[in-house]
Amino acid sequence: MKREDILTLCHSNPDFIASYIEDFELRCKDLESQNIEFRERIHELESQVKFKDARIEALESQTIEFQARINELESLLNQNIQIHKKPPSTGTFIEKKPKTGSSRDGNNNCPGGQKGHPGSTLNKVEDPDEIIFHQLHKCKHCGRNIEESEVIGYKTRQEFNIVVMRNVTEHRAEIKKCPYCNCKNKADFPKSITKPVQYGITVLTIAIYLRNYQLIPYNRIKNLYEDIFGFKISSDTIIKAEKKLYHKLKGVTNHIKKQLIKEDVIHGDETGINVNGRGEQCHLISTKKYTYYFHHKSRGFKAMNKMGVLPKYRGILVHDFWKSYFKYKCEHALCNVHIQRELKNIYKIYKQEWAKEMSDLLYEIKEQADCARKLGTKIGEDTIKTFIEKYHLILMKGFEDNPPPEISKDDEAKRGIQAQSKARNLLDRLEKYEKEILRFATDLRVPFSNNQAERDLRMITIQQKISGDFRKPNGADVFCRIRGYISTLIKNKMPVISSLHSAIEDVPPLP
């Protein structure tokens, strides 16, 4: 409606206009009240949305925490740590563990010796202990008697066997009466014959070998002697012989320590042992030629100093990331097999590609090092620079995937180092110890892993599984010294039984 029409209507019908205005005002009031209700409803909905947003945010943070916890538990499962330390003889049933994956590439080779391997078999000897002649009586062709015929040759076959028998030697010292002074005289027994009845050195030597190298418990050695040789030997007799040998081997142990100090590369490791119910440590320093075990209550710097090797050593020490090793002034090389395990777990659990790339790179460098070692050369400097550049690029990618944790006000007030993820911790180590990790490529004397030490130390763990605790600290000391000597003998291809025999009887042979 136009303005003129409204004015005309006002003049012609003012009552209509007044009622219309009144209705309009009422309508406005109704709209205002509705508007207030809508605003209150909107405010109520906004508060509900804020509450739900806060709830969602809290649930998301809980989800992140739960996922981190799940990853942590899965990593513990993947590590497959053996918790049960009791020997099988206790009768404890242990759940069978799943087979762990190997870091080695699979192949389609059949079981057993592969084509081209050196192999080993029995060879005939020129001077057999016994010869048995098998005679011919009749001709296999015509059946006539040929007993008186001349032998024109022999076809020989040799059978290797073991003679199981008891050998008792009686020593008789003459007693004579001097015809001149009427004095009774008695001949002297050998120095080793001190009792009316005693065990020979060979009996004690084999018992010590079975106990300290083959890891057979004392009671089973006792049963073995009774079943095979026909006489008994007590645990105390073996223990006394071990203690005697322990003191005889003191000089040899010092010799081994001096040789280890002269080596270019040595391997170090440690493992827990139980001594009378207490958790203690067995430390190891070894090479391809020497093995030195050392028992101590501590795992750290104090025990390593008491070993007497590392404080004087200035070569290259291969070990894991145990911090106590880094306190010594020698050069260090780190075990890359440990790193490979961590990289594999990170890739498997967190699906981070940088971990797989780093694993592949380390194996690629290892192949180059193995090839150069076979050829008697070194890896070229340009090749090493290329590997290092790849190493740094992968680290950058890893740090991008694993930024440092955000530090809240509550965390700032806490003491100590801020907790990080396992991936971030590994990245920090890869960055900090780059030189030590890649030393196997820059110095071909250094192996890729610390397998030498792990192989030498594995038998200590097996001994604990078979026999359980050492009853006394001295028992652990005796076992470590004798075991180290036998291991060194085998590494130097020296006869074990005859060397132990010489050590008990007189002076132990030096490797």
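Just above, that's the structure.
Residues numbered from 1 in each chain as written. Predicted model: local features only at pLDDT ≥ 70, side-chain atom pairs only at ≥ 80, totals over all residues. Heavy atoms only, no water.

**Q** Which residues make up the sheet that holds strand β7 (residues 331-334), and what values go with them?
**A** Reading across from one edge, β5-β4-β3-β6-β7 is the order of the 5 strands in this open sheet, with mixed pairing throughout. Because the sheet does not close on itself, it has two edges, and the strands there are β5 (291-296) and β7. Along the sheet, successive strands turn relative to each other by an average axial angle of 30 degrees, direction set aside. As defined by bridge partners, strand β4 (residues 278-286) adjoins β5 across 6 bridges and the pair is classed as antiparallel. Paired with Cys282 across the two strands is His295, which belongs to β5. Docked against the sheet, helix α16 (residues 473-491) engages β3 (265-275), β4 and β5, running at close to 170 degrees with respect to β5. (Pairing = 2+ DSSP bridges. Helix = DSSP H or I, 4+ residues; strand = E, 2+ residues; numbered from the N terminus. Axes fitted to C-alpha atoms, helices over the stretch in contact; angles between N-to-C directions. Contact = heavy atoms within 4.5 Å.)

**Q** Explain the pairing of β5 to me, using residue names and the numbers behind them.
**A** In terms of burial, β5 is largely enclosed, as 6 of its 6 residues are buried. Neither face of β5 is open: one carries Thr291, Tyr293 and His295, the other Tyr292, Phe294 and His296, and all of them are buried. Connecting the antiparallel pair β4 and β5 is a turn made up of 4 residues. (Buried < 20%, exposed > 50% of the residue type's maximum accessible area, 1.4 Å probe, protein only.)

**Q** Describe helix α17 (residues 496-505), naming the residues involved and giving the relevant values.
**A** Buried within α17 are the following residues: Val496, Ser499, Leu500, Ala503 and Ile504. The buried side chains of α17 occupy one side of the element, clustering within an arc of 135 degrees when seen end-on. Where α17 is buried, its residues touch α3 (201-212), α5 (235-248) and α16. (Arc of directions from axis to C-beta.)

**Q** Give me the lowdown on the nonpolar core, citing residues and values where you can.
**A** Formed by 43 residues in total, the largest nonpolar core has its most connected members in Tyr225, Leu245, Leu260, Ile266 and Leu310. Among the secondary structure elements, those contributing two or more residues to this core are α3, α4 (218-228), α5, α6 (250-262), β5, α7 (301-307), α16 and α17. If one sorts the elements of this core by residue count, α3 sits on top with 7 residues. Discounting chain neighbours no more than four positions away, the residues touching Leu245 are Ile208, Ile482, Leu500, Ala503 and Ile504. (Core = buried A, V, L, I, M, F, W, Y, C linked by side-chain atoms within 4.5 Å.)

**Q** Break down α6 for me, with residues and values.
**A** For α6, spanning 13 residues, the distance from its first C-alpha to its last is 19 Å, which sits close to the expected 18 Å at 1.5 Å a residue. Residues Val252, Thr253, His255, Ile256, Lys257, Gln259 and Leu260 constitute the buried set of α6. (Expected span 1.5 Å × (residues − 1).)

**Q** Now, about the environment of Trp322: what can you tell me, with residues and values included?
**A** Relative to the helices and strands, Trp322 resides in the loop between β6 (316-319) and β7. A relative accessible area of 27% places Trp322 in the partly exposed class. Considering only alpha carbons, one finds Trp322 and Leu334, 12 residues apart in sequence, at a separation of 9.9 Å. Not counting the four nearest positions on each side in its chain, Trp322 is found in contact with Glu270, Arg299, Gly300 and Met304.

**Q** Give me a positive patch on the surface: which residues, what numbers.
**A** On the surface, Lys195, Lys240, Lys243 and Lys472 cluster together into a positively charged patch. Topologically, Lys195 is positioned in the loop between β2 (184-186) and α3. (Patch = residues over 30% accessible without salt bridge, like charges linked within 9 Å, V, L, I, M, F, W, Y side chains within 5 Å. Areas by Shrake-Rupley, 256 points an atom, 1.4 Å probe, with all protein chains shown as cover. Salt bridge = Lys/Arg side-chain N within 4 Å of Asp/Glu carboxyl O. Lys, Arg positive; Asp, Glu negative; His and termini not counted. Charge placed at Lys NZ, Arg CZ, Asp CG, Glu CD.)

These results come straight from atomic positions and should not be treated as a statement about function.
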